[in-house]
Amino acid sequence: MENTIEQLNSMFKGGLVNGILTISFYVILFLLVNYLITKLIRKHEFKHKDAVLRIKSILLWTILIFSVLSQITFMQDIATTLLAGGGIVAVVVGLASQEAASSAVSGMMILISKPFKVGDTIILKEYDLRGKVTEMTLSHTVIETLEKNLIMIPNTLVNKAIVENMTHETEYKVAYLSFDVSYESDLDKASEIMKEVITNHPLYYDIGEEVKIHCTELKDSGITLRARMTTRNIDDSFELCSQCRLQIKKAFDEAGIEIPYPHITITK
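The residue numbering used here restarts from 1 in each chain and proceeds along that chain's sequence as written. The model is predicted, so local features are restricted to residues of pLDDT at least 70 and side-chain atom pairs to those at 80 or more, both for listing and for counting; the totals for chains, interfaces and linings are taken over all residues. With hydrogens and water stripped out, all remaining heavy atoms of the structure feed into the side-chain values.

Participant: Could you clarify how one ought to interpret the overall build of the protein chain in this entry?
Facilitator: Counting its regular elements, the protein chain contains 8 helices and 8 strands. Relative accessibility decides the category of a residue: with a 1.4 Å probe and only protein chains considered, values under 20% of the type maximum give buried, values over 50% give exposed, and everything between is partly exposed. Scored against the burial criterion, the 268 residues of the protein chain give a buried share of 30%. The long-range fraction of contacts in the protein chain, counting pairs at least 24 apart against all pairs at least 6 apart in sequence, stands at 60%. Of the roughly 18200 Å² of accessible surface on the protein chain, 60% is carried by carbon and sulfur atoms. Where helices and strands are cited, they refer to DSSP runs of H or I of at least four residues and of E of at least two residues respectively, numbered from the N terminus. Working rule for contacts: check all heavy atoms of both residues, and any pair within 4.5 Å makes them a contact. Only the protein chains shown count as cover for residues, and the accessible areas themselves come from Shrake-Rupley with a 1.4 Å probe.

Right under this line is the structure:
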């Protein structure tokens, strides 16, 4: 009987009674911590809740298993070996997932600062990219271009870029339309034609200010006139500029206002 008790005592670090009490304490602590963390996570609504719960379970079970093994004498060497091997694996996984972690942090910064949201049209100036945001995750942002192509960009790149939100909610959007006219043309007439075409277009949004025409540049071949106009949204701005270019060009032709372009004269 005494030999059996001694063998049982030798199986546990600090003896049989202390070993069982310590393991029981670890189990109770595990159940309590698991309950509290799970309750806290389920209390809040966020997109990756299930993934966080899985990671929580893996971490807690790993801690419990190694804690229990550390109390069993013949398992201590195994636990030490596993911990050493786990440390190497952790370093390898850490290095491999460094980019993913960086993207996740950048994604959290984007979600907190909210420079744009799903459905917004944005421009990433560094990458000469324009499109509508269709998806936002912690790791990446998906943009649909004008050609209906989907581009997935890591949030580390998005967070470093200068982002222009073209669909930022405002009462109206400002657009600019430029035309070059020759020095011989009637500039007042050209300005009046541009004003008239823009003002009469159904997509033009009148905010109580007249369309303004400015001379922005004196070029070698002509003068640049730029119109400032307003629309209700960015989509209307694009369509208004497109249609007004055609209408103004036609009106210029009828009024004899020349749009300068390079001429080639061939002589024999």
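Participant: Can you help me understand the nonpolar core in this one?
Facilitator: Note on soluble globular proteins: their nonpolar side chains tend to be buried together. Counting residues in each nonpolar core, the largest one holds 23 residues, and the members touching the most others are Met194, Met229, Ile248 and Phe252. Elements with a contribution of two residues or more to this core: strand S6 (173–181), helix H7 (187–200), strand S8 (223–231) and helix H8 (234–255). For Ile248, the residues in contact, after removing those within four places along its chain, are Leu177, Phe179, Met194 and Val197. The term nonpolar core refers to a set of buried residues drawn from Ala, Val, Leu, Ile, Met, Phe, Trp, Tyr and Cys, joined through side-chain atoms within 4.5 Å.

Participant: Honestly, the side chain of Lys173 in this entry has me stumped. Any pointers?
Facilitator: Topologically, Lys173 is positioned in strand S6. Only four residue types enter the tally: Lys and Arg on the positive side, Asp and Glu on the negative side, with His and both chain ends excluded. The salt bridge criterion pairs a side-chain nitrogen of Lys or Arg with a carboxyl oxygen of Asp or Glu, the two atoms within 4 Å. For the buried Lys173, no salt bridge is present, and the opposite-charge side chain at shortest range is Glu164, 7.8 Å distant. A distance of 3.1 Å separates the side chain of Lys173 from the backbone oxygen of Met166, its partner in a polar contact. Here a polar contact is recorded for every N or O atom pair within 3.5 Å, except that within protein the pair must consist of a potential hydrogen donor and a potential acceptor, and residues adjacent in sequence are included only if both atoms are side-chain atoms.

Participant: Would you take a moment to explain the environment of Asp120 for this structure?
Facilitator: Along the chain, Asp120 falls in the loop between helix H5 (98–113) and strand S1 (121–124). Overall, the relative accessible area of 6% leaves Asp120 in the buried class. The sequence separation of Asp120 and Glu169 amounts to 49 residues, and the corresponding C-alpha distance is 9.6 Å. Filtering out sequence-adjacent residues up to four positions away, Asp120 remains in contact with Gly131, Lys132, Val133, Asn165 and Thr167. Separated by 3.0 Å, the side chain of Asp120 and the backbone nitrogen of Lys117 make a polar contact. Only 3.1 Å separates the side chain of Asp120 from the side chain of Asn165, close enough to count as a polar contact.

Participant: I would appreciate a short explanation of the sheet that holds strand S3 (residues 140–145) in the present structure.
Facilitator: Strand pairing in a sheet is mediated by backbone hydrogen bonds. Such pairs are either parallel or antiparallel. What the 5 strands build is an open sheet, ordered S4-S3-S2-S1-S5; its pairing is antiparallel. For this open sheet the edge positions go to strand S4 (150–154) and strand S5 (163–165), each flanked by a neighbour on one side alone. Averaged over all pairs of adjacent strands, the angle between their axes in this sheet comes to 40°, without regard to strand direction. Two strands are said to pair when DSSP picks up at least two bridges between them. The sheet contact formed by S1 and S5 spans 3 bridges and is antiparallel. The residue bridging Leu124 from the neighbouring strand is Val163, located in S5. Axes here refer to lines fitted to C-alpha atoms; in helices the fit is confined to the stretch in contact. Angles between the N-to-C directions go from 0 to 180 degrees.

Participant: Is there a simple way to explain the packing of aromatic side chains in this structure?
Facilitator: The relative placement of two aromatic rings is captured by the distance of their centres and the angle of their planes. In this analysis, rings of Phe, Tyr and Trp, with Trp reduced to its six-membered ring, are considered paired at centre separations within 6.5 Å, and the interplanar angle assigns stacked below 30 degrees, edge-to-face beyond 60, and tilted for intermediate values. Scanning all chains against the criterion turns up 3 aromatic pairs. With a centroid separation of 6.2 Å and 50° between ring planes, the pair formed by Phe25 and Tyr26 is classed as tilted. Residue classification places Tyr26 among the partly exposed residues on the basis of a relative accessible area of 24%. Between Phe30 and Trp61, the ring centres sit 4.7 Å apart and the planes meet at 55°, which makes this aromatic pair tilted. Of this pair, Phe30 sits in helix H2 (residues 16–43) while Trp61 sits in helix H3 (residues 49–69), and the two are 31 residues apart along the sequence.

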